[in-house]
Number of protein chains: 2
Amino acid sequence: MAPYFVNSTDTLVSDALAGFARAHADLLSLDPDHGFVTARAASPHRRVALLSGGGAGHEPMHAGYVGRGMLDAACPGRVFASPHNRQVYEGSLAVARAEGVLHIVKNYTGDRINFGIAAERLAHRGIPCARVLVDDDLASDCEQIAAGRRGTGGTVLIERILGGAADTGLGLAELQQLGVRLAARCRTLAVASAAHTAPTLGKPAFRVAAGELEYGVGIHGERARSTIRHAPLARLVERMTGELLGALAPRPGTAAITLVNGLGAVTPLELYAVHGELARVLDAQGIVLARSLVGDYVTALDMRGFSLTVLFAEPADLAYYDAPVHTAALRW
Amino acid sequence: MAPYFVNSTDTLVSDALAGFARAHADLLSLDPDHGFVTARAASPHRRVALLSGGGAGHEPMHAGYVGRGMLDAACPGRVFASPHNRQVYEGSLAVARAEGVLHIVKNYTGDRINFGIAAERLAHRGIPCARVLVDDDLASDCEQIAAGRRGTGGTVLIERILGGAADTGLGLAELQQLGVRLAARCRTLAVASAAHTAPTLGKPAFRVAAGELEYGVGIHGERARSTIRHAPLARLVERMTGELLGALAPRPGTAAITLVNGLGAVTPLELYAVHGELARVLDAQGIVLARSLVGDYVTALDMRGFSLTVLFAEPADLAYYDAPVHTAALRW
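From a predicted model like this one, the values you see are computed outputs, not experimental measurements.

Novice: Before we go on, may I ask you to explain the side chain of Ser307(A) in this structure?
Specialist: Position of Ser307(A) relative to the elements: it lies in strand β15 (residues 304-313). Among residues more than four places away in sequence, those in contact with Ser307(A) are Thr188(A), Leu189(A), Ala190(A), Leu259(A), Val260(A), Asn261(A) and Leu263(A).

Okay, structure coming up:
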């Protein structure tokens, strides 16, 4: 039997969702037949529903961000697999508001297809629907990857800002344009010193040699951009932050929202040490560290690694970010 | 080099504390010379300061619970080692209120000695000081362990309830008596399918054979009470909950506060599945699942395991529990 604590790997996600719904019954409810989670409360000013979803294995994303101030609904798939388009369609129908529904989609082929089919069906029903594609993973930013950059940790920051914006009563087009601007100003890089355990095999999904790191790994264990020597943390974070800033080219004095995100098995001690190094690098570059999160927000099962996300924010983004949030995984 | 992301294992804790203080500068401040963290704000009604501490490696405990509604200060030691009595003394001096300071101490010999020396020095200075000893670990409840039961996950629940109580203006003796009553009604059991990685060795601190579980493990990797066959989750949780209820012997209709706590590398999927099974068992026993927490609250570095805590609560305890909390690791 694998090291996972489960009844069976077949029921891992459904058992977890049932327990999640029980633990957070004050905040949300689960529709087990159609496979989505909806918030019990939302701002009365919200005119557009926000819905996201994606494979399981990245908890607390996405269902952990359902609630007041963030998502109206989330559709979890099986482990590392897109939700079915039926889930997205039914979930959207359940929460759509006067001005429709905005889908926040991480850039993976399966998710794009399933959210796309659901959007067509919604349009057919006369329900306005738009999409924000999150594609923040700098490691997949190269011509060889035709699908474009993957979506990863930045999703949480974008969902939080869009949630605050939706609660001010912005319309569908405005929210969609804001989301596109945010995604353009957001990049993430991840490293791992050990793979996640594949649930059905009970073994590491890939091997990392002693003393090496997978640099630029994806949240499903996608092949890293390169394998590098394990380095002291200060040098590693300098390199990662340097690449993120290089890609985003901020002017000095720009405000950054950062996320130091554990991928599963990394300790809070390590994550906070990473945050200290990140802050030092940003200080030296004249970037204003305006807001920050440190913790396990977008995981890859029990992968031993972390990701760094930098999102450059305009003053309005910060105000949206600071709006009240009441979800299972984030309260503000 | 170990799989840990560090500058060096010598600076792991100090680097983490610096990053932690930077990330949560709105909530708390670090005194790096004396080695303690203090809250920036507290209820004006609080007449007694609450201080805890213990070895590092259990994050977010304890510094993650410093802030409004919980601890006034925390003293972190090195990894799995008690803080020095000087830290406890200086931290207590820094936060002591009109009616003194209450030390919340997990039952380990080193912690008892160091908090005890600090308490004597405080008494010498005329500062009232009392102690609540948390000894919830059912696995160490046997005559062969002369030191008594270890303190573990229940600490968080007790700190939260005592925080709420302190904010109503209770005095030192009242808080101490409440803490003693809470500790008597709180038990925890932990299991692990893999050890934590020893930071200096870069290797698992102990071996768990494939298909086996360490049943009744401590949060420093103390020897488990027994080694058992890995079982489906429902059966494992039934057994653990049965033992906890057997020790506490609640009457049907009693209100329980539960904590399903990840020890490091267990995924949220698993923890929520555990919570679902726990709720099922409590329902069947006629126990009221009044409040619950699910997540990594008291860890053992990157151990692959979880603990179950049950605390039987009186109505006043629930009211204290529900009071506002604003700390790095818990907001309510």
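Resuming the write-up.
Novice: I keep staring at the sheet that holds strand β2 (residues 36-39) of chain A and nothing clicks. Help me out?
Specialist: Residue and element names in this part refer to chain A. In space, the six strands of this open sheet follow the order β1-β2-β5-β3-β6-β7, with mixed pairing throughout. On the outer flanks of this sheet lie β1 (28-31) and β7 (129-134), each paired with one strand and no other. With strand direction ignored, the average angle separating the axes of adjacent strands in the sheet is 20 degrees. Sheet analysis places β1 next to β2, joined by four bridges and oriented antiparallel. Counted as the bridge partner of leucine 28 is alanine 39 from β2.

Novice: What's the story with the packing of helix α4 (residues 154-166) of chain A against helix α5 (residues 172-184) of chain A in this structure? I'm lost.
Specialist: A packed helix pair is summarised by two numbers, namely the angle formed by the two axes and the spacing between the axes. All names here are of chain A. One can describe the packing of α4 onto α5 by two numbers: an axis separation of 10 Å at closest approach and a directional angle of 155 degrees. Our classification of the angle between α4 and α5 gives roughly antiparallel. At the point where α4 passes α5, the crossing takes the right-handed sense. Note on element contacts: α5 touches α4 through Leu175, Leu178, Gly179, Leu182 and Ala183, opposite Ile158, Ile161, Leu162, Ala165 and Ala166. Considering only residue class, the contact of α4 with α5 consists of nine nonpolar, one polar and no charged.

Novice: Looking at this structure, how should I read the interface of chain B and chain A?
Specialist: How big an interface is tends to be expressed through the accessible area that disappears when the partners come together. Taken together, the contacts link 54 residues of chain B with 54 residues of chain A. Here chain B packs against chain A, burying approximately 4,400 Å² in sum over the two surfaces, 65% of which is carbon and sulfur. Put simply, chain B and chain A have four salt bridges between them. A salt bridge links Asp283(A) to Arg22(B); its shortest N-O distance comes to 2.7 Å. Remark: the boundary between chain B and chain A carries 20 residue pairs in polar contact (both at pLDDT 80 or more). Residue assignment for the side of chain B that touches chain A shows that the elements contributing at least two residues are α1 (12-23), β8 (186-194), α6 (233-248), α7 (268-285), β14 (288-295) and β15 (304-313) of chain B. For the side of chain B that touches chain A, the element with the most residues is α7(B), which contributes ten residues. Residue composition of the side of chain B that touches chain A, grouped by class: 32 nonpolar, 13 polar and nine charged.

Analysis parameters
Residues numbered from 1 in each chain as written. Chains lettered and ligands numbered in written order. Predicted model: local features only at pLDDT ≥ 70, side-chain atom pairs only at ≥ 80, totals over all residues. Heavy atoms only, no water. Helix = DSSP H or I, 4+ residues; strand = E, 2+ residues; numbered from the N terminus. Contact = heavy atoms within 4.5 Å. Pairing = 2+ DSSP bridges. Axes fitted to C-alpha atoms, helices over the stretch in contact; angles between N-to-C directions. Parallel < 35°, antiparallel > 145°, perpendicular 65-115°, else oblique. Left-handed = near helix turned anticlockwise from the far one by under 90°. Nonpolar A, V, L, I, M, F, W, Y, C, P; charged D, E, K, R; others polar. Buried area = accessible area lost by both parts, 1.4 Å probe. Salt bridge = Lys/Arg side-chain N within 4 Å of Asp/Glu carboxyl O. Polar contact = N/O pair within 3.5 Å; in protein donor to acceptor, adjacent residues only side chain to side chain.

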